[in-house]
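As a plain string of letters, each chain reads:
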Amino acid sequence: MHAEQHYLVGLDLAGRRVVVVGGGTVAQRRLPRLVAAGAAVDVIAPEVTPAVQAMADAGEVRWHRRGYAGGDLDGAWYALACTPDPEVNAAVVAEAESRRVFCVRADVAVAGSAVTPATGDHEGLLVGVLAGGRPRRSAAVRDALLDALREGRVPDHVERPASGPPPGVALVGGGPGDPDLITVRGRRLLARADVVVADRLAPRELLDELPPHVQVVDAAKIPYGRAASQELINTALISNARAGRFVVRLKGGDPYVFGRGFEELLACAEEGIPVSVVPGVTSAFGVPALAGVPVTHRGVAHEVVVVSGHVAPDDETSLVDWPALARLKGTLVVLMGVERIAAHAEVLMAHGRAPETPVLVVQEGATRNERVLRSTLDHVAKAIKEEGIRPPAIIVIGPVAALRNRLTDTD
């Protein structure tokens, strides 16, 4: 007899023996959470997947390289029958029943004395969903709940201390433009913000999702135009954090890739403001990838260099060794280089880069305004001018810039 509805309970398995019979993909999926729970896991299987073997080699589980035998559940608190053989699974369940050990049977869930819920973690919450033996339904509901929690659509009632240090500042990389490319953690922190200090290149659609009480501070930095000074941005971060507000500094790309993120961290640290950093997908790699160009490809490029092109090669403030870059054979990704691409191309060709080197230019990548230009090093400056390409744009120089043509040729 089986209950019409399972009883959902949390088990403290820390230090307790758990037996997993079978070492295939089902066991591979179940083992990480058992290990994270601190269980003493014994895997019994003649063969296991490479991932399970890696866990055994690392000492996370004990692998007994043989088939199941009666008595293997002696001293177990919990068991999982995960083999592809129904007779073996039935034998494991029978032994578990005789020993009063709860057992999951992977191939016929209702035949076991326990079932595994669809689970997921969120900020110390463990979400588990059971759907009466319908795993696709339970997984779909689990995913929807986790998405809602991470995006702040379902309150998780995280309590802030009544006294003590202020919540502080989070430097969040928003990714290259598409709001879906922000990290899960970045989106979660954004949903908890009291104040958001946002760059022009940060995903704008995310701001529209903020609750009405959230204050948005415009920290737009427009190339060669109106810009908020770094001092004012630092002041906004520090003053709001001191007032006990949780501040998210939402930046485009990654905070530490030409994003002044570390400058802002230092400014906050000097004032005793706690800061956390959430990396983002950098536009230097993400935008070319979305345009069909990998910045490295086996047999084509063995190095990739990301360089700021905001000053000319002959500028006394430049920290870039352009002649050295010209001698490399791999990929050069230039950020903030649209206005001075002619000077960059000239010095690269003068020191060894071939004029016919492929070049990819992507304006406002990962947004609805994206524009893609393909050219060569000797013609790219003229092409950018004729096509009216403007910042922000990513410039990729090197053989990989021509790889997209292979896809076009096969269409």
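Report follows, based on the coordinates. A quick note: this is a predicted structure, and the numbers were derived from the prediction, not measured.

**A look at the pairing of strand β15 (residues 358-363)**
Counting buried residues along β15, 5 of its 6 residues qualify, which places the element largely inside the surrounding structure. Summarising the sheet, β15 and strand β16 (residues 371-376) pair through 6 bridges and their orientation is antiparallel. Within the sheet, the bridge partner assigned to Pro358 lies in β16 and is Thr376.

**Overview of the nonpolar core**
Here is a general trend for soluble globular proteins: nonpolar side chains tend to be buried in one another's company. Counting 22 residues, the largest nonpolar core has Leu332, Leu348, Val361, Ile384, Ile395 and Ile397 as its most contacted members. Elements represented by at least two residues in this core include exactly α10 (322-327), β14 (331-335), α11 (341-350), β15, α12 (380-387) and β17 (393-397). The element that contributes the greatest number of residues to this core is α11, accounting for 4 residues. Ignoring anything within four residues of it in the chain, the contact list for Val361 reads Arg371, Val372, Leu373, Val380, Ile384, Ile389, Ala393, Ile394 and Ile395. Val18, Val20, Leu80 and Cys82 belong to the second-largest nonpolar core, a separate cluster that totals 20 residues.

**Considering the sheet that holds strand β10 (residues 215-218)**
Pairing within the open sheet is parallel, and its 5 strands lie in the order β10-β9-β11-β8-β12. The open sheet has two edge strands with one neighbour each: β10 and β12 (275-278). On average, each strand axis in the sheet is inclined to that of its neighbour by 20°, with strand direction left out of account. Strand contacts of helix α8 (residues 261-270): β8 (168-173), β11 (246-251) and β12, with the helix running at about 175° to β8, the strand carrying the most contacts.

Cut-offs and rules
Residues numbered from 1 in each chain as written. Predicted model: local features only at pLDDT ≥ 70, side-chain atom pairs only at ≥ 80, totals over all residues. Heavy atoms only, no water. Buried < 20%, exposed > 50% of the residue type's maximum accessible area, 1.4 Å probe, protein only. Helix = DSSP H or I, 4+ residues; strand = E, 2+ residues; numbered from the N terminus. Pairing = 2+ DSSP bridges. Core = buried A, V, L, I, M, F, W, Y, C linked by side-chain atoms within 4.5 Å. Contact = heavy atoms within 4.5 Å. Axes fitted to C-alpha atoms, helices over the stretch in contact; angles between N-to-C directions.

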